[in-house]
Each structure stands twice: as C-alpha cells, then as structure tokens.
Amino acid sequence: MASRLFLLAAIVLFCIALASSPDAKIENQDTQRGQEVKGANRRLLTSVDCVGLCRVRCSLHSRPNVCTRACGTCCARCNCVPPGTSGNREMCGRCYTDMTTHGNKTKCP
C-alpha cells in the first residue's frame, strides 16, 4: 500500500515538474504568435493557412475536392502551397515536388 502511494506521489510530482518547465512556457508563447515549434532542433516555422491557400490553388481544377484533399496533405507536410492555380511547384522545394502516391504519381497539385 505504501509503495502505491509513493508511486502515485512520484507521478504527480513528475507531471507538475513537466508542466512548470521553461520549455513548455516557450512553446506556448510561440504558438500564440502564430508560429509552431517543429522538430528536435526547435526551428520556428510560420504557420500557413492550408485550407484557404488550397482552396485558391484548386479552384479551377476539374476535381476540386480531390485536389483540395491532396493539397492539404502536402501543405501540412511541407508547410507550403505554390502560388497560382497550377504549375510553380518548384517554389515549395523538393518536399512538395518529390512527394508521390502509392501508384508512383506526383501527389501534390
């Protein structure tokens, strides 16, 4: 019984220590300013409005729902959507241009 109480107290103290660490406060401040902390090296990346940009990108597409879904996936992974309604894929770099489907076709519109 005493060992269970000790274990419970240790877990509670560990959770409190994690919540009050300086890193958690820094991450919260960065996300409030519209930036996200990504990866182990904690690079700051500005967040992109994937929904709005993909809606514009796929507005003239023959299958806008499929285009918007693929564009959203690419935007979430690469944090970029090329300008215009077609082409300009190189503007987002290799992440966007090299992503393929299971059928080995280019994924990102």
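Going by the structure above, here's the rest.
Computed from a prediction, not measured in an experiment: that's the story for all the values here. (Residues numbered from 1 in each chain as written. Predicted model: local features only at pLDDT ≥ 70, side-chain atom pairs only at ≥ 80, totals over all residues. Heavy atoms only, no water.)

Asker: Would you explain unusual backbone geometry in this entry?
Answerer: The backbone of Asn88 shows a phi angle near 60 degrees, a positive value even though the residue is not glycine. Along the polypeptide, Asn88 turns up in the loop between helix 4 (64-78) and helix 5 (94-97). (Helix = DSSP H or I, 4+ residues; strand = E, 2+ residues; numbered from the N terminus.)

Asker: How do you make sense of helix 3 (residues 50-57) when you look at a structure like this?
Answerer: An α-helix turns once every 3.6 residues. As a result, residues three or four positions apart point the same way. Turning to helix 3, its buried residues number three or more, namely Cys50, Cys54 and Arg57. When helix 3 is viewed along its axis, its buried side chains cluster within an angular range of 55 degrees and face the same direction. Away from the buried face of helix 3 by more than 90 degrees, exposed residues Val51, Arg55 and Val56 are located. Against helix 4 and helix 5 lie the buried residues of helix 3. (Buried < 20%, exposed > 50% of the residue type's maximum accessible area, 1.4 Å probe, protein only. Arc of directions from axis to C-beta. Contact = heavy atoms within 4.5 Å.)

Asker: When you look at the side chain of Arg57 in this model, what are you seeing that I'm missing?
Answerer: Tracing the chain through its elements places Arg57 in helix 3. The side chain of Arg57 sits in the buried core without any salt bridge; Glu90 is the nearest counter-charge, 8.4 Å away. A distance of 3.3 Å separates a polar side-chain atom of Arg57 from the backbone oxygen of Gly84. In this structure Arg57 touches Cys71, Val81, Pro82, Pro83, Gly84, Thr85, Ser86, Gly87, Arg89, Tyr96 and Pro109, once residues within four positions along its chain are discounted. (Lys, Arg positive; Asp, Glu negative; His and termini not counted. Salt bridge = Lys/Arg side-chain N within 4 Å of Asp/Glu carboxyl O. Polar contact = N/O pair within 3.5 Å; in protein donor to acceptor, adjacent residues only side chain to side chain.)

Geometry only, nothing functional implied.
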